[in-house]
Amino acid sequence: MVQTDALLKDVEKSGPYVRVTLATPVPQPSLTPGRFFLADLGAYLRAPLFPASLYAPGPEDASFDVLVPPHHPLALRRPGDRVDLIGPLGQGFDVPAAAQRLLLVASAAYLGALLPLTTLISLSPSKAGLSKKMGLSVALLLSAPTAAALYPVRLLPPALEVHAVTADGSLGHRGSNLDLFPDLVRWADCVCIADDPL
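To start, this report covers the structure provided alongside it. Since this is a predicted model, take the numbers as computed values, not measurements.

Parameters at a glance
- Residues numbered from 1 in each chain as written.
- Predicted model: local features only at pLDDT ≥ 70, side-chain atom pairs only at ≥ 80, totals over all residues.
- Heavy atoms only, no water.
- Helix = DSSP H or I, 4+ residues; strand = E, 2+ residues; numbered from the N terminus.
- Buried < 20%, exposed > 50% of the residue type's maximum accessible area, 1.4 Å probe, protein only.
- Areas by Shrake-Rupley, 256 points an atom, 1.4 Å probe, with all protein chains shown as cover.
- Disulfide = S-S within 2.5 Å.
- Salt bridge = Lys/Arg side-chain N within 4 Å of Asp/Glu carboxyl O.
- Pairing = 2+ DSSP bridges.
- Contact = heavy atoms within 4.5 Å.
- Axes fitted to C-alpha atoms, helices over the stretch in contact; angles between N-to-C directions.
- Polar contact = N/O pair within 3.5 Å; in protein donor to acceptor, adjacent residues only side chain to side chain.
- Patch = residues over 30% accessible without salt bridge, like charges linked within 9 Å, V, L, I, M, F, W, Y side chains within 5 Å.
- Phe/Tyr/Trp six-rings, centres within 6.5 Å; stacked < 30°, edge-to-face > 60°.

1. Focus on the overall build of the protein chain
(1) Moving on: Secondary structure summary: the protein chain contains 3 helices and 12 strands in total.
(2) Moving on: Buried positions account for 44% of the 198 residues belonging to the protein chain.
(3) Moving on: Accessible surface, the protein chain as shown: approximately 10,000 Å² in total, 57% of it carbon and sulfur.

Right, dumping it as structure tokens:
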């Protein structure tokens, strides 16, 4: 865990979210999916930021994206701004090398923490930072109040099996992720959850 001064490189609308790209001056080899930073954004307490995508370190910096709501203080910053970070913190998600069927469970508010795991289908172990077994199947159980609050499925890897749940039935299954969870958890041999307690 270190304190670092990150450079805000890009701010882009991404469905109902804002995707913010941050670059740290040194590589973050321990920044694996599920770990997070605490950012000083001017409030009394630091805000947790979960990387939604991890990039291979470049010659000058190491970049990662975070997804935040449009009203989040980070979404109001501009490229070129500096953000004071502490981290990475937390244990992250440990996907066993023997896993063959990975189930990801997230509500719209917590999806960012799991997004790096959705790329395990196409990334090599060195790029994913995890032990990856060839032939790994990955399914995502994603819930939101309405279709408008869901992360755009078109932005997810094509090979990812997505089960969308909306409370109002505007997209996918109507109801709660609890409705589909029992069948999916029987299929999976590894489960990662980023959501309110089931």
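Next comes the rest of the description.
2. Side note on the state of the cysteines
Defined simply, a disulfide is a covalent bond joining two cysteines at their sulfur atoms.
(1) Moving on: A complete count under the given rule lists 0 disulfides for this structure.
(2) Moving on: Take C190: it sits in no disulfide, and the sulfur closest to it among the cysteines is that of C192, at 4.7 Å.
(3) Moving on: Its relative accessible area of 8% is what places C190 among the buried residues.

3. Comments concerning the pattern of salt bridges
(1) Moving on: Tallying each qualifying case throughout the model produces 3 salt bridges.
(2) Moving on: Here R19 and D65 are joined by a salt bridge, their closest N and O atoms 3.2 Å apart. Of this pair, R19 sits in strand β2 (residues 17–24) while D65 sits in strand β6 (residues 62–68), placing them 46 residues apart in sequence.
(3) Moving on: We classify R19 as buried; its relative accessible area is 15%.
(4) Moving on: A salt bridge links D183 to R186, with the nearest nitrogen and oxygen atoms 2.3 Å apart. Highlighted residues: D183 and R186, both in helix α3 (residues 177–187), separated by 3 residues, approximately one helical turn.

4. A word on the sheet that holds strand β9 (residues 137–144)
Strand pairing in a sheet takes place through backbone hydrogen bonds and is either antiparallel or parallel in direction.
(1) Moving on: A sheet is described by the order of its strands in space; here 5 strands give the open sequence β11-β10-β9-β8-β12, paired in parallel fashion. Pairing within the sheet leaves two strands with one partner each, and these edge strands are β11 (173–174) and β12 (190–194).
(2) Moving on: Sheet topology note: the strand β10 (residues 161–166)/β11 ladder contains 2 bridges and is parallel. Within the sheet, the bridge partner assigned to V165 lies in β11 and is H173.
(3) Moving on: Along the sheet face, helix α1 (residues 111–118) touches β8 (101–107), β9 and β12 and points at about 155° away from the line of β8.
(4) Moving on: This element, α3, spans β8, β9, β10, β11 and β12 of the sheet and lies at about 165° to β8.

5. What about the side chain of T21?
(1) Moving on: Following the sequence through the fold, T21 ends up in strand β2.
(2) Moving on: Classification of T21 as buried rests on a relative accessible area of 13%.
(3) Moving on: Within the local environment of T21, its side chain forms a polar contact with the side chain of D65, the two groups lying 2.6 Å apart.
(4) Moving on: Residues contacting T21, with those up to four places away along its chain left out, are L7, L8, K9, D10, S63, F64 and D65.

6. Things to note about a nonpolar patch on the surface
(1) Moving on: A cluster of nonpolar side chains, contributed by V185, V191 and I193, occupies part of the molecular surface with about 180 Å² of accessible area.
(2) Moving on: Mapped onto the elements of the fold, V191 is located in strand β12.

7. Describing α1
(1) Moving on: Most of α1 sits out of view: 8 of its 8 residues are buried.
(2) Moving on: For α1, the complete set of buried residues consists of L111, G112, A113, L114, L115, P116, L117 and T118.

8. Regarding the packing of aromatic side chains
(1) Moving on: As enumerated under the stated definition, the model contains 3 aromatic pairs in all.
(2) Moving on: Centre to centre, the rings of Y17 and Y151 are 5.9 Å apart; their planes meet at 55°, and the pair counts as tilted. Pair noted here: Y17 is in strand β2 and Y151 is in the loop between β9 and β10, with a separation of 134 residues, a long-range link.
(3) Moving on: Here Y17 falls in the buried class, since its relative accessible area comes to 9%.
(4) Moving on: Residue class for Y151 comes out buried when judged on its relative accessible area of 4%.

9. Here's the deal with unusual backbone geometry
(1) Moving on: The step from G87 to P88 runs through a cis peptide bond, and the omega angle for that step is 0°.
(2) Moving on: You can see P88 is positioned in strand β7 (residues 82–89).

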